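This is what each chain is made of:
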Amino acid sequence: MRIGGSLEQTLNQGYRLDLKGIIKEGWQQTRRSGFGLLLAIAGVMAIWFLLINLLLQPYLDDTHVNVAKVLGLLITVIMAPMTSALDMLGLQQSVGVRARASQVFDFFRHFVRLGSLSLLGSLLTSLFGPLFDLFGLPPMLALIPSALIGMGLLFTVPLVLERGLTPPQAIVVSLKICLRGLPSIVLFHGVMAVLLFIALIPMGLGLIWLAPLYFNSKGILYRDLCGVAVEVKDVSEGPNHFTA
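Parameters and conventions
- Residues numbered from 1 in each chain as written.
- Predicted model: local features only at pLDDT ≥ 70, side-chain atom pairs only at ≥ 80, totals over all residues.
- Heavy atoms only, no water.
- Disulfide = S-S within 2.5 Å.
- Buried < 20%, exposed > 50% of the residue type's maximum accessible area, 1.4 Å probe, protein only.
- Helix = DSSP H or I, 4+ residues; strand = E, 2+ residues; numbered from the N terminus.
- Pairing = 2+ DSSP bridges.
- Expected span 1.5 Å × (residues − 1).
- Contact = heavy atoms within 4.5 Å.
- Polar contact = N/O pair within 3.5 Å; in protein donor to acceptor, adjacent residues only side chain to side chain.

(A) Examining the state of the cysteines more closely. Going through the model one piece at a time under the given rule, you end up with zero disulfides. No disulfide involves Cys178; its sulfur sits 9.1 Å from that of Cys226, the nearest cysteine. Residue class for Cys178 comes out buried when judged on its relative accessible area of 2%.

(B) Focus on the pairing of strand β2 (residues 228-231). Burial of β2 is one-sided: the residues Val228 and Val230 facing one way are buried, the residues Ala229 and Glu231 facing the other way are not. As paired elements, strand β1 (residues 2-3) and β2 share two bridges and run antiparallel to each other. Each bridged residue has a counterpart across the sheet, and for Arg2 the counterpart in β2 is Ala229.

(C) Spotlight on helix α3 (residues 36-56). Between the first and last C-alpha of α3 there are 29 Å, a value that for 21 residues agrees with the 30 Å anticipated at 1.5 Å per step. Residues Gly36, Leu37, Leu38, Ala40, Ile41, Val44, Leu51 and Leu56 constitute the buried set of α3. Structurally, α3 contributes buried residues whose contacts are with α4 (65-94) and α11 (207-226).

(D) The arrangement of the side chain of Arg223 in detail. Within the secondary structure, Arg223 is located in helix α11. Looking at Arg223, the relative accessible area reads 10%, which means it is buried. Within the structure, the side chain of Arg223 is placed 2.8 Å from the side chain of Glu25, a separation counted as a polar contact. Engagement of the side chain of Arg223 in a polar contact is seen with the side chain of Asp224, the distance being 3.0 Å. With near-sequence residues (within four places) excluded, Arg223 lies in contact with Ile3, Gly4, Gly5, Glu25, Gln29, Leu91, Ser94, Val95 and Val228.

Written as structure tokens, this is what we have:
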């Protein structure tokens, strides 16, 4: 069975989000779901920083710019299954299944698809800098289309893992979804940016709450706009199970 909205309806009719309701539900999930998602986020960030220090740090100077770019992209691809897992854990909690920190390692079986998706997304968002430079436009202006494309990739991971789309298909569909409700998507990211600023004020301690809230809210967004397929078993066999 499928819980939530309809992808086809979203693409055909567009939408307006109840951001207050989404963030409120995301906050309630964050408070009651325990530390599983928070520990998963902390673990992924720790591994990311470790790889940066081991692989990238020696090349962060003016003489190894190209090497640093290639290694940074390689680290992003390597980390793709774990960073994608955070999106899926938020989605899992949106249908009432509590996340476990160990689940960040469950998606390496999708490494090729998730690595390709991460690579394509990184190339798309970094495309505008060289283009603006080529046409003599101020490089800072390239941040605007790069940010909009980054917002447009919001749903790519669940579209690949939950819907079974290929990475190029997921990128196209995600961009279409975001274009159908662009003001709401931009407002969502604007609210998250403001909350991030507030979270950083007390020495970053607010990130303990904001990071899980962000992924829970992303999961709710996807559920409400695209629907989530769940497998329902008899009560005697155990609780509902989320599959991706």
